[in-house]
Amino acid sequence: AAAVMIPVFAACSDSEPTNNPEVPQTSAPGGNTAHGPFFPECGGISDQEVISQTRVPGLVNTAKTSVGCQWLSGGSILGPHFSFTWFRGSPIGRERKTEELTRASVEDINIEGNNGFIATGDDPILGTNLCEIGIQFQDDFIEWSISYNDQPFPDPCDVAKELTRQSIVNSK
């Protein structure tokens, strides 16, 4: 998910647009965008539920916005990372392609009747310590990212699947 944000920040500029004919111009999406369901704050998942599912005590919700949340152990970036993100009007294919280029495995998945992908990351010492699930809803998608940095920990994909399932059930 962080890799997706880099182009967004890189695109910000105070300079005036140029009308260089060699630069392809893009326009805003038309009125035919079909949005999926509404996801409550943090995917409808409480801090206590994230602690229960991840089995990491002392998690702090360090980033809470209308489109996502991030939980860190004790609020520190030096520990495990858990996040929920809701992408409105954004193509899931681009996110999946990024995962395919950076993760050990990316496969199709269906949760609660909704299609998407599941990606895993492996650490040479810890084994599979990262799991990310992206689920498509028309022109939107959600993503849960579960990343551990120290043993012992539960299967990160079991955690990601359950949190994704709960978010889908909590959507409106």
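Note that the coordinates shown come from a computational prediction; the quantities given were computed from them, not determined experimentally.

### Structural notes on the overall build of the protein chain
And step 1. Per the secondary structure count, the protein chain includes 4 helices and 7 strands.
And step 2. Element order for the protein chain, N to C, with α for helix and β for strand: α-α-β-β-β-α-β-β-β-β-α.
And step 3. A buried classification covers 38% of the 172 residues belonging to the protein chain.
And step 4. Looking at the protein chain alone, contacts between residues at least 24 apart form 52% of all its contacts between residues at least 6 apart.
And step 5. Of the roughly 9800 Å² of accessible surface on the protein chain, 53% is carried by carbon and sulfur atoms.

### As for the sheet that holds strand β3 (residues 81-87)
And step 1. Sheet architecture is open: 7 strands sit in the order β1-β2-β3-β7-β6-β5-β4, paired in antiparallel fashion. Edge strands, defined here as strands with exactly one partner in the open sheet, are β1 (59-65) and β4 (105-111). On average, each strand axis in the sheet is inclined to that of its neighbour by 15 degrees, with strand direction left out of account.
And step 2. When strand β6 (residues 127-137) meets strand β7 (residues 140-147), the two strands line up antiparallel, connected through 8 bridges. Following the sheet pairing, I135 is matched in β7 by I142.
And step 3. Sitting on the sheet, helix α2 (residues 47-54) touches β1, β2 (68-73), β3 and β7, and the angle it makes with β1 is about 130 degrees.

### Describing the pairing of β7
And step 1. Of all 8 residues that make up β7, 8 are buried, and the element is covered over most of its length.
And step 2. Burial of β7 is two-sided: the residues D140, I142, W144 and I146 facing one way and the residues F141, E143, S145 and S147 facing the other way are all buried.
And step 3. Relative to β7, β3 runs antiparallel, the two being bridged by 7 bridges. Among the inter-strand pairings, T85 is bridged to a residue of β7, identified as E143.
And step 4. The antiparallel pairing of β6 with β7 creates a hairpin that spans 2 residues between the two strands, and Q138 there sits at a positive phi of about 55 degrees.

### Re the confidence of the model for the protein chain
And step 1. Of all residues in the protein chain, 82% attain a pLDDT of 70 or more, and the chain-wide mean is 86.
And step 2. Low pLDDT (under 50) marks residues 1-29, which in the prediction has 8 contacts with non-local residues, meaning those over four places away or in another chain.

### Points about the side chain of S145
And step 1. Checked against the element boundaries, S145 lands in strand β7.
And step 2. There is a polar contact of 2.8 Å between the side chain of S145 and the side chain of E132.
And step 3. The contact partners of S145, leaving out residues within four places of it in the chain, are H81, F82, S83, C131 and E132.

### Comments concerning the pairing of β3
And step 1. Counting buried positions along β3 yields 6 of 7 residues, so the element is predominantly enclosed.
And step 2. Of the strand pairs in this sheet, β2 and β3 are connected by 5 bridges, and their pairing is antiparallel. Looking at the pairing, C69 lines up with F84 of β3.

### Considerations on the nonpolar core
Generally speaking, a soluble globular protein has its nonpolar side chains buried in company with each other.
And step 1. Membership of the largest hydrophobic core comes to 29 residues, with the highest contact counts inside it found for W71, F82, I133, I135, I142, W144 and I146.
And step 2. Elements represented by at least two residues in this core include exactly β2, β3, β4, β6, β7 and α4 (156-170).
And step 3. At 5 residues, the largest contribution of residues to this core is made by α4.
And step 4. Leaving out residues up to four positions away in the same chain, I142 has contacts with F39, F84, T85, W86, I133, G134, I135, F137, T164, S167 and I168.
And step 5. Core analysis: the second largest hydrophobic core is formed by 6 residues, F87, I92, F117 and A119 among them.

### Here's the deal with α4
And step 1. Given a rise of 1.5 Å per residue, 15 residues ought to cover 21 Å, and the 21 Å separating the end C-alpha atoms of α4 matches this to within 8%.
And step 2. Among the residues of α4, those classed as buried are P156, C157, V159, A160, L163, T164, Q166, S167 and I168.
And step 3. Check the buried side of α4 and you find it contacts α2, β3, β4, β5 (114-123), β6 and β7.
And step 4. The N-terminus of α4 is capped by D155, whose side-chain oxygen sits 2.7 Å from the backbone nitrogen of C157.

The rules behind the values
Residues numbered from 1 in each chain as written. Predicted model: local features only at pLDDT ≥ 70, side-chain atom pairs only at ≥ 80, totals over all residues. Heavy atoms only, no water. Helix = DSSP H or I, 4+ residues; strand = E, 2+ residues; numbered from the N terminus. Buried < 20%, exposed > 50% of the residue type's maximum accessible area, 1.4 Å probe, protein only. Contact = heavy atoms within 4.5 Å. Areas by Shrake-Rupley, 256 points an atom, 1.4 Å probe, with all protein chains shown as cover. Pairing = 2+ DSSP bridges. Axes fitted to C-alpha atoms, helices over the stretch in contact; angles between N-to-C directions. pLDDT = per-residue confidence, 0-100. Polar contact = N/O pair within 3.5 Å; in protein donor to acceptor, adjacent residues only side chain to side chain. Core = buried A, V, L, I, M, F, W, Y, C linked by side-chain atoms within 4.5 Å. Expected span 1.5 Å × (residues − 1).

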